[in-house]
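Chain and residue survey
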Amino acid sequence: MTMTPPHVARSGHVESMLGGRWQRVLGGDPQLLERLREDTGADLREAAATPFRDGGAFVTLAVTFVDRDANAYRETSIVIAVGRDVVITLEPLTGCAPIDLALARMDRDGREGDSPIEIAASILESIADTTDELVTNLSMSSERMMTQTSAILRSLETKKAREFGVSDVTTTQQELTDMEELLSHCMESQLVLAEAARHLRTLTRGRDWDNRADLARLIEDIEAIEPHIDFVHDRVRLLQQTNNLALNVKQNQIIKVFSVVTAVFLPVMLLSTYYSMNFELMPILSWTYAEPMIIVLSFVFAMLPLIYVRRRGWLR
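Okay, so let's go over this structure. (Residues numbered from 1 in each chain as written. Predicted model: local features only at pLDDT ≥ 70, side-chain atom pairs only at ≥ 80, totals over all residues. Heavy atoms only, no water.)

**Examining the overall build of the protein**
Short version of the rule: Helix and strand assignments follow DSSP, with helices taken as H or I runs no shorter than four residues and strands as E runs no shorter than two, numbered in order from the N terminus. For each residue, the accessible area found with a 1.4 Å probe, counting protein chains only, is set against the maximum for its type, and the residue is called buried under 20%, exposed over 50%, and partly exposed in between. Throughout, a contact is declared for two residues whenever any of their heavy atoms are within 4.5 Å. Surface accessibility in these figures is a Shrake-Rupley result with a 1.4 Å probe; residues are shielded only by whichever protein chains are displayed.
Within the protein one finds six helices and seven strands. Each helix and strand of the protein, ordered N terminal to C terminal, gives the series β-β-β-α-β-β-β-β-α-α-α-α-α. Counting the 316 residues in the protein, one finds 41% classified as buried. The long-range fraction of contacts in the protein, counting pairs at least 24 apart against all pairs at least 6 apart in sequence, stands at 64%. Summed over all atoms, the accessible surface of the protein reaches about 17,800 Å², with 56% contributed by carbon and sulfur.

As structure tokens, this is what we get:
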């Protein structure tokens, strides 16, 4: 696959590939975009403000999707301008992984003669496949969290419950919240991607541009990923509810322990408070066996609430 040396600007550069049929613009330098407009007639300066536009010589599509950057996820926006003889992609200065994937696939399949419409379709397909791979990874993560949540629920009825604290449950809940937000962005990007493919099919219909891409199949493939996102999203919501249940049970167990301890020591506190009063005449203070009797009474009064709580089954 041929590639010409990049044209460098102040903040970005242009890479010309496929014999000049594909111009990759990395970075949104105004000087670079102005020079590109003069050379090709494609005005990409305000392309992001108008997601889908028919500029006569070019059909412009602006797409936002979820991309992976190192160990983090980010929303990436690109612009695809499709013309009769050239396709122009406006990408972040750091590049775009789905576009690199599309280029690698075209190189692997020997599709150096693809038309601009076919190149644009390959880019949209790569973005959809990248999103599908991301959702698959999230699905595997949700299965791991489901196993962890099930282990927490089972442990709550055993002596191993102390191995899981409230902080463990809340950490999992935060991960689920982040995952739900990421899935929402994935669904939004798929809707935008499907709309972009439909606009590409509509705006290029009736033109005498070379096109061998099956845009109808591309739209079906993009829309087929949406049920997968819905399935994973429903699983995450179910995990959130289950995790909330585990959190409530754990907190109820903590409150139950404090309640039982309070009930056990309340009579003892009552006795100690009563006999600590500084009355002038308190006959029991002069008894020979007053102290052992108070100890026995304190023990009896402490055990009675504990026996009642156990009979009621509140300690299970």
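**Focus on the side chain of T89**
This is how it is decided: Throughout this description, a polar contact denotes any pair of N or O atoms lying within 3.5 Å of each other; where both atoms belong to protein, one of them has to be capable of donating a hydrogen while the other can accept it, and for residues adjacent in sequence the pair is counted only when both atoms sit in side chains.
Assignment of secondary structure puts T89 in strand 7 (residues 87-91). Polar side-chain contacts of T89 include one of 3.1 Å to the side chain of W22. Separated by 3.0 Å, the side chains of T89 and E91 make a polar contact. Aside from chain neighbours lying at most four places away, what touches T89 is W22, Q23, R24, V25, V79, I80, I99 and I123.

**Notes on the nonpolar core**
Here is the rule: Buried Ala, Val, Leu, Ile, Met, Phe, Trp, Tyr and Cys residues form a nonpolar core when they are joined through side-chain atoms within 4.5 Å.
Formed by 51 residues in total, the largest nonpolar core has its most connected members in W22, I78 and I123. Among the elements that take part in this core, helix 3 (residues 116-155) stands out by supplying twelve residues, more than any other. Filtering out sequence-adjacent residues up to four positions away, I78 remains in contact with L61, A62, V63, F65, L90, E91, P92, C96, I99, I123 and I127. By size, the runner-up hydrophobic cluster in this structure holds 14 residues, among which are L36, A42, V79 and A81.

**Notes on the environment of V86**
Among the secondary structure elements, V86 is positioned in the loop between strand 6 (72-83) and strand 7. If we ignore the near neighbours within four places in the chain, the residues touching V86 are G20, R21, W22, Q23, F58, A81 and P116.

**Focus: the pattern of salt bridges**
How we decide: Any Lys or Arg side-chain nitrogen located within 4 Å of an Asp or Glu carboxyl oxygen qualifies as a salt bridge.
A full pass over the atoms with the stated rule returns ten salt bridges. One salt bridge connects E143 with R235, and the closest N-O pair in it is separated by 3.5 Å. Highlighted residues: E143 in helix 3 and R235 in helix 5 (residues 215-275), separated in sequence by 92 residues. The salt bridge involving E223 is made with R198; its shortest N-O contact spans 2.8 Å. Taken together, the residues E223 in helix 5 and R198 in helix 4 (residues 166-204) connect sequence positions 25 residues apart. Through salt bridges that share partners, R108, D109, R111 and D114 make up one connected network.

**What about the packing of helix 3 against helix 5?**
To keep things clear, this is the line we draw: Orientation is described by axes fitted as lines to C-alpha atoms, over the contacting stretch for helices, and by angles from 0 to 180 degrees between their N-to-C directions. Our angle categories are set so that under 35 degrees counts as roughly parallel, over 145 as roughly antiparallel, 65 to 115 as roughly perpendicular, and the remainder as oblique. Crossing handedness is read from the near helix: turned anticlockwise from the far helix by less than a right angle, it gives a left-handed crossing, and turned clockwise, a right-handed one. When residues are sorted by character, Ala, Val, Leu, Ile, Met, Phe, Trp, Tyr, Cys and Pro go into the nonpolar class, Asp, Glu, Lys and Arg into the charged class, and all the rest, Gly among them, into the polar class.
Here helix 3 crosses helix 5 at 20°, and the two axes come no closer than 9 Å. The angle between helix 3 and helix 5 falls in the class roughly parallel. Here helix 3 runs over helix 5; the crossing is left-handed. Taken together, the residues of the contact of helix 3 with helix 5 sort by class into 18 nonpolar, eight polar and five charged.

**Quick word on the pairing of strand 7**
Quick reminder of the rule: A pair of strands is treated as paired once DSSP finds two or more bridges between them.
Counting buried positions over the five residues of strand 7 gives five, a clear majority of the element. Of the two faces of strand 7, both are covered, the one formed by V87, T89 and E91 as well as the one formed by I88 and L90. Alignment of strand 3 (residues 22-26) against strand 7, held across five bridges, turns out to be parallel. Paired with W22 across the two strands is V87, which belongs to strand 7. Note: strand 6 against strand 7, four bridges, orientation antiparallel. Across the sheet, residue V82 finds its bridge partner in strand 7, namely V87. Counting the residues that bridge the hairpin from strand 6 to strand 7 gives three residues.

**Here's the deal with the environment of R53**
Within the fold, R53 resides in strand 4 (residues 52-54). Taking the C-alpha atoms as reference points, R53 and A81, 28 residues apart in sequence, are found 9.2 Å from one another.

**Regarding helix 5**
The cut-off we apply is this: Here the expected span of a helix is defined as 1.5 Å times the quantity of residues minus one. One fitted axis covers the seven residues ending at a residue, a second covers the seven starting there, and the bend at that residue is the angle between these axes.
With 61 residues, helix 5 should cover 90 Å at 1.5 Å per step; its first-to-last C-alpha distance of 90 Å lies within 8% of that length. The principal kink in helix 5, of about 35°, is found at F265, preceding the proline P267 by one to four residues.

**Focus: the side chain of S115**
Within the secondary structure, S115 is located in the loop between helix 2 (97-109) and helix 3. Residues within four places of S115 in sequence aside, it is in contact with D210 and N211.

**Things to note about a negative patch on the surface**
Going by this rule: Each patch is built from residues that are more than 30% exposed by relative accessible area and take part in no salt bridge. Like charges join if they lie within 9 Å; nonpolar side chains (Val, Leu, Ile, Met, Phe, Trp, Tyr) join within 5 Å. Neither His nor the chain ends is counted toward charge; the positive residues are Lys and Arg and the negative residues Asp and Glu. Where a charge lies is defined by one atom per residue type: Lys uses NZ, Arg uses CZ, Asp uses CG and Glu uses CD.
On the surface, E75, E175, D178, E181 and E188 cluster together into a patch of negative charge. When residues of the negative patch are assigned to their parent elements, the largest contribution, four residues, is made by helix 4. Following the sequence through the fold, E175 ends up in helix 4.

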